Number of protein chains: 2
Amino acid sequence: MRIAEVSEKYDISPDTLRYYEKVGLIPAVNRTGSGIRDYNEMDLKRIEFIKCMRNAGLPIEALTEYISLVLQGDQTIDARKEILKVQRELLVTRMNEMQKTLQILDTKISVYEGTLLKKEKEMVQKDKAF
Amino acid sequence: MRIAEVSEKYDISPDTLRYYEKVGLIPAVNRTGSGIRDYNEMDLKRIEFIKCMRNAGLPIEALTEYISLVLQGDQTIDARKEILKVQRELLVTRMNEMQKTLQILDTKISVYEGTLLKKEKEMVQKDKAF
DNA sequence: TTTTGACTTAAAGCCAACTTCAAGTATTAT
DNA sequence: ATAATACTTGAAGTTGGCTTTAAGTCAAAA
């Protein structure tokens, strides 16, 4: 599969796909005789994985480190596990912060929609900044 | 309260606090006779609100727009509500993506820890990119 | 066969969100 | 009184993550 097709399938620009390969987010993709990238099934799975991780905000650096360990073989399993655990904890922390923010947004929207009880409104007003 | 104290209380650098004021994330803070910022209760609540929103990834631009509407008075309530609703939806979308990623990370960690049943392991291996 | 469009590279540019710097004034501790 | 510390401003610099540009090669359609 050529880069344009992959780009469309995953909604990632060709430039970004080449960039991911250059910085080591995706191992080198096979080329045709004339030097054009020819993505195989494994490459596509890797792109999907990276897209998912990047969407969730995992930094490129942590991912490149993880992938370089994967390519080095089984003696790196402990180090890989550690990276994933650290990133998992960071992710959970961010999700909790977002949950808190979501509640605040929902309360504010309720205030603007006038769908709160009088008592609730008063409580909210006391703590209001904006 | 002076900027250094506020900075410590909320773990936001003085530079960032001044920057937030400059770009309109926080309305102008009162100054002492000699021109030094003197944060009051309302300012602190506003900083807390902004910190929470920024932590959750809401863009500065959306927040400055919202705040400028707040300062313009009650005829902007509908527009404010709309901004909050849009940002709420974006937040929920991001949280869902993070939830998906969290599950993938947990599965991978389980694989590395060998805490999966044989059947589960096989299923996971089939879909493995890294 | 020629032109159109996709591909290649390395390097420079861009954007959001700070962060640091330079140059100066004010306040606090000794 | 003087030195150290905290404050001020505007502007330049940094970081992460792409994105665009320049200059060129290659291949499929008209």
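The following refers to the structure shown. (Residues numbered from 1 in each chain as written. Chains lettered and ligands numbered in written order. Predicted model: local features only at pLDDT ≥ 70, side-chain atom pairs only at ≥ 80, totals over all residues. Heavy atoms only, no water.)

Notes on the packing of helix α3 (residues 41-55) of chain A against helix α4 (residues 60-72) of chain A
Residue and element names in this part refer to chain A.
So, step 1. It is the contact of α3 with α4, at a shortest axis distance of 10 Å, that shows an interaxial angle of 145 degrees. Remark: the crossing between α3 and α4 carries right-handed chirality. Contacts between α3 and α4 involve Arg46, Phe49, Ile50, Met53 and Arg54 from the first element and Ile60, Leu63, Tyr66, Ile67 and Leu71 from the second.
So, step 2. Classifying every residue of the contact of α3 with α4 by side-chain character gives eight nonpolar, no polar and two charged. (Axes fitted to C-alpha atoms, helices over the stretch in contact; angles between N-to-C directions. Helix = DSSP H or I, 4+ residues; strand = E, 2+ residues; numbered from the N terminus. Left-handed = near helix turned anticlockwise from the far one by under 90°. Contact = heavy atoms within 4.5 Å. Nonpolar A, V, L, I, M, F, W, Y, C, P; charged D, E, K, R; others polar.)

A closer look at the relation of the copies chain A and chain B
So, step 1. With an RMSD of 0.0 Å, chain A superimposes on chain B once it is rotated by 180 degrees and translated 0.0 Å along the axis. The superposition of one copy onto the other is thereby described by a two-fold rotation axis. Looking at the rotation axis and the C-alpha trace of chain A, the residue lying nearest is Met95(A), at 3.3 Å. (Least-squares fit on C-alpha atoms with pLDDT ≥ 70 in both.)

Some thoughts on the packing of aromatic side chains
The geometry of two aromatic rings is summed up by the distance between their centres and the angle between their planes.
So, step 1. Across all of its chains, the model carries six aromatic pairs over all chains by this definition.
So, step 2. Ring plane angle 75 degrees and centroid distance 6.5 Å describe the contact between Tyr112(A) and Tyr66(B), whose orientation is recorded as edge-to-face. With one member in each of two chains, Tyr112(A) in helix α5 (residues 77-113) and Tyr66(B) in helix α4 (residues 60-72) form a pair that bridges those chains. Tyr66(B) matches Tyr112(A) in its accessibility class, with the two residues each being buried.
So, step 3. A ring pair is formed by Tyr19(B) and Tyr20(B), whose centres lie 6.1 Å apart and whose planes are at 45 degrees; its orientation type is tilted.
So, step 4. Classification of Tyr20(B) by relative accessible area gives buried; the value is 11%.
So, step 5. What links up through ring pairs into an aromatic cluster is the set Tyr112(A), Phe130(A), Phe49(B) and Tyr66(B).
So, step 6. The ring of Phe49(B) is capped by Lys108(A), whose NZ or CZ atom sits 5.0 Å from the centre of that ring. (Phe/Tyr/Trp six-rings, centres within 6.5 Å; stacked < 30°, edge-to-face > 60°. Buried < 20%, exposed > 50% of the residue type's maximum accessible area, 1.4 Å probe, protein only. Lys NZ or Arg CZ within 6 Å of the ring centre and 35° of its normal.)

Overview of the protein's contact with DNA strand C
So, step 1. Neighbouring DNA strand C are 16 residues; Arg18(A), Arg37(A), Asp15(B), Ser34(B) and Arg54(B) lie closest to it.
So, step 2. By atom count, sugar and phosphate contribute 82% of the portion of DNA strand C lying within 4 Å of the protein.
So, step 3. With respect to DNA strand C, the backbone of Ala4(A) contributes an N or O atom lying 3.0 Å from a phosphate oxygen.
So, step 4. Arg54(B) is positioned such that a nitrogen or oxygen atom in its side chain is 2.9 Å from a phosphate oxygen of DNA strand C.
So, step 5. Of all elements in the fold, only α1 (3-10) of chain A together with α2 (14-23) of chain B reach the threshold of two or more residues within the surface near DNA strand C.
So, step 6. Of all the elements, α2(B) adds the most residues to the surface near DNA strand C, at four residues.
So, step 7. Partitioned by chemical class, the residues of the surface near DNA strand C number seven nonpolar, three polar and six charged. (Near = heavy atom within 4 Å. Polar contact = N/O pair within 3.5 Å; in protein donor to acceptor, adjacent residues only side chain to side chain.)

Details of the interface of chain A and chain B
So, step 1. Each partner contributes to the interface: chain A provides 44 residues, whereas chain B provides 44 residues.
So, step 2. Buried surface at the junction of chain A and chain B, summed over both partners, amounts to about 4,200 Å²; 76% is from carbon and sulfur atoms.
So, step 3. Looking only at chain A, the three residues that lose the most surface to chain B are Met98(A), Tyr112(A) and Phe130(A), adding up to 21% of its buried area.
So, step 4. For the pair chain A and chain B, the interface holds four salt bridges.
So, step 5. Put simply, Asp106(A) and Arg88(B) hold a salt bridge, and the shortest N to O gap is 2.4 Å.
So, step 6. Our count for the chain A to chain B interface comes out at 12 residue pairs in polar contact (both at pLDDT 80 or more).
So, step 7. At the level of elements, α3, α4 and α5 of chain A are the ones that each hand at least two residues to the side of chain A that touches chain B.
So, step 8. Looking at the side of chain A that touches chain B element by element, the count peaks at 24 residues for α5(A). (Buried area = accessible area lost by both parts, 1.4 Å probe. Salt bridge = Lys/Arg side-chain N within 4 Å of Asp/Glu carboxyl O.)

Things to note about the pattern of salt bridges
So, step 1. Evaluated as defined, the whole model comprises 12 salt bridges over all chains.
So, step 2. With a closest N to O distance of 3.9 Å, Arg31(A) and Glu21(A) form a salt bridge. Separated by 10 residues along the polypeptide, Arg31(A) in the loop between α2 (14-23) and α3 and Glu21(A) in helix α2 bring together distant segments of the chain.
So, step 3. For Glu21(A), a relative accessible area of 12% corresponds to the buried category.
So, step 4. Two residues, Glu89(B) and Arg88(B), come together in a salt bridge whose shortest N-O distance is 3.2 Å.
So, step 5. Because the salt bridges share partners, they merge into one network encompassing Glu21(A), Arg31(A) and Arg37(A).

Geometric descriptors of this kind do not, in isolation, establish any biological role.
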